[in-house]
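Per-entry structural report
Each chain is listed here by its residues.
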Amino acid sequence: MTSPRLLDRSRRAVWHPCTQMKSHETLPLVPITRGEGVWLYDDTGRRFLDGVSAWWVNLFGHCNPRINAAISEQLETLEHVMLAGFTHAPVVELSERLSALTGHQLGHAFYASDGASATEIALKMSMHAWRNLGETGKDRFISLAGSYHGETVGALAVTDVALFRDAYAPLVRAGTTVPSPDARQIEPGETEEDAAERAAHALAHYLAEHHEEIAALIVEPLVQGASGMVMYHPHYLRRARELCDQYRVHLIADEIAVGCGRTGTFFACEQAGIWPDLMCLSKGISGGYLPLSLVLSTNAIYDCFYDADVTRGFLHSHSYTGNPLACRAALATLDIFEADDVLRANIARAQALGDAVRAAFGGHPAVRHLRQRGMIVAFDVDTPRPDFAQRFFAAGLDHGVLLRPLGKTVYFMPPYIVDAADIAHLVNGASAALQHALS
Ligand SMILES: *Cc1c(COP(=O)(O)O)cnc(C)c1O
């Protein structure tokens, strides 16, 4: 059994992310000793079904034997080498395979380690590409209301979450937000597509006046994750693509959370039939194993930097850029997608997950806007309790499920290996947690 000492030591020595540390005076940390498949175990025999994929990163379960084997094998030959001036097979293979997955529309992969760095890279690339074209005035960015693109200072410029941004406002050169196509905001008689068109209209209006100073529009395609699994119609992405072309503004797709099959297609953009100019990937790309992020770019942007002049190059780097272990984990992840025909299998899996959530919560008097996009199912809870999320999370753990509401939005985002029994366990745990959290 974990001694209370470990929890005390963690509280003293580890500064936990996204946490008011004082809250752990009353709320115990959860010590995890082992993961296997959808389950996380502590050493007292308690286990939790990971309904949030370890913060949206895990795709094929914890300690997946195939990904483990790929990393172990890579570990025998090369753990890391700098990527400036050097290269290695894992990074080349991964770049080629990702390019192929975009139909070679996005053929150049630039690597970093976490999602926020990918956002930083995409913003810098966009602005620098315009600058290399002589358009020095295009240095501002647009994002959607409620957007989340990471929490480093540059990424906060396009992240519209007050809790993360307000304290650092003096450091941030905030971009402009335009209305979200949030499908919950349909008015009587409107379809979700109408709501998307209305938001596109606002974007058109803004771009008509300000396009000369705008480098890029950055969006989370189809699902705005951190602001509460806000879902919207693909029509918005098609209109955003048209408007960006019309006004010479880059479209950056942040597929950090929605990529890698989460919404049903490998890339969420595919559902709108569009490609962005730059695409950010992270989270699931390494199967949830190792920090890996990247930005995929079109030839057109790449070519803006290709020159004899050093200063026209993209002089950005991170120490662990293109880490071979992380790339090998990503390759093993892509192998699983192919070998198991995962996107196809997920159609039935998503249906089962959605059906179970709808059956359990569809008629609940406090549940609003039950929604689904692929392997993400969410609903809002009408409750005055400010501590709803905490209570739901804690009660979920008591019932063997890891579910962590975003404010008053409960969501399910499990690894792509959940079976019928797992789904039943998840939904039963959530029902008990909801009852407790509302009481
Ligand atoms: C998680 C996330 C990020 C940031 O990734 P980190 O690895 O946490 O820095 C950026 N954009 C989106 C859409 C995300 O969900």
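Quantities reported herein were computed from a predicted structural model and do not represent experimental measurements.

Right, let's talk about the sheet that holds strand S13 (residues 367-373) for a bit. Spatial strand order, S13-S14-S16: 3 strands in an open sheet with antiparallel pairing. The open sheet has two free edges, formed respectively by S13 and strand S16 (409-412), since each of these has just one partner strand. Strand-to-strand twist in this sheet, taken as the mean axis angle between neighbours without regard to direction, amounts to 15 degrees.

Glancing now at the UniProt feature "binding site: substrate" (unreviewed entry) in the chain. Using the residue numbers shown here, the UniProt feature "binding site: substrate" (unreviewed entry) corresponds to Trp55, Tyr148, Lys283, Ser317 and Arg404. The annotated residues occupy 350 residues of the chain and do not converge on a single region, their most distant C-alpha atoms lying 33.8 Å apart. Mapped onto the elements of the fold, Ser317 is located in the loop between helix H10 (299-305) and helix H11 (324-339). On the secondary structure map, Arg404 appears in the loop between strand S15 (401-402) and S16. Arg404 gets classed as partly exposed once you look at its relative accessible area, which sits at 34%. Other than its neighbours up to four places away in sequence, Arg404 contacts Val52, Trp55, Phe393 and Tyr411.

What follows concerns helix H8 (residues 192-210). Given 3.6 residues per turn, any residue in an α-helix points the same way as the ones three and four places further on. In a regular helix each residue adds 1.5 Å, so 19 residues correspond to 27 Å; H8 covers 27 Å between its end C-alpha atoms and thus fits that length. For H8, the set of buried residues is Ala195, Ala196, Ala199, Ala200, Leu203, Ala204, Tyr206 and Leu207. In the core, the buried residues of H8 are packed alongside strand S5 (140-144), strand S6 (176-178), strand S7 (214-219) and helix H9 (235-246).

The next point concerns the site of the ligand. As a structural note, the neighbourhood of the ligand is formed by Trp56, Asp114, Gly115, Ala116, Tyr148, His149, Gly150, Glu220, Asp254, Ile256, Ala257 and Lys283. Between Gly115 and the ligand, the recorded distance is 2.7 Å, taken from a backbone N or O atom to an oxygen atom. Here Ala116 contributes a backbone N or O atom positioned 2.8 Å from an oxygen atom of the ligand. Here the residues of the shell around the ligand sort into 5 nonpolar, 3 polar and 4 charged.

The phi torsion at Ala54 lies on the positive side, around 50 degrees, for a residue other than glycine. Its location among the elements puts Ala54 in helix H2 (residues 53-56). On the basis of relative accessibility, which here comes to 32%, the residue Ala54 falls in the partly exposed class. Positive phi, normally seen in glycine, also occurs at Lys283, with a value near 45 degrees. Structurally, Lys283 is set in the loop between strand S11 (278-281) and strand S12 (293-297).

Conventions we followed
Residue numbering note: each chain is counted from 1, following its sequence as written. For a predicted model such as this one, the threshold for reporting local features is a pLDDT of at least 70, and the threshold for listing and counting side-chain atom pairs is 80 or more; totals across whole chains, interfaces and linings nevertheless cover every residue. For side-chain calculations, the full set of non-hydrogen atoms in the structure is used, while hydrogens and water are omitted. A pair of strands is considered paired only if DSSP assigns at least 2 bridges between the two. By the criteria applied, helices consist of DSSP H or I runs no shorter than four residues and strands consist of E runs no shorter than two, each listed in order from the N terminus. Axes here mean lines fitted to C-alpha atoms, for a helix over just the part in contact, with angles spanning 0 to 180 degrees between N-to-C directions. UniProt positions are given in the numbering used here, feature names are shortened, and annotations may be inferred rather than shown by experiment. Three exposure classes are used, based on accessible area relative to the maximum for each residue type with a 1.4 Å probe and protein chains only: buried under 20%, partly exposed in between, and exposed over 50%. Whether two residues are in contact is decided by their heavy atoms, any of which lying within 4.5 Å being enough. What a helix is expected to span follows from its residue count: subtract one and scale by 1.5 Å. Each residue is tested against the molecule or strand, and it is near if at least one of its non-hydrogen atoms lies within 4 Å. In protein, a polar contact means a hydrogen-donor-capable atom and an acceptor-capable atom, both N or O and within 3.5 Å, with residues adjacent in sequence counting only if both atoms are side-chain atoms; elsewhere, any N or O pair within 3.5 Å suffices. Each residue receives one of three labels: charged for Asp, Glu, Lys and Arg, nonpolar for Ala, Val, Leu, Ile, Met, Phe, Trp, Tyr, Cys and Pro, and polar for the others, Gly being one of them.

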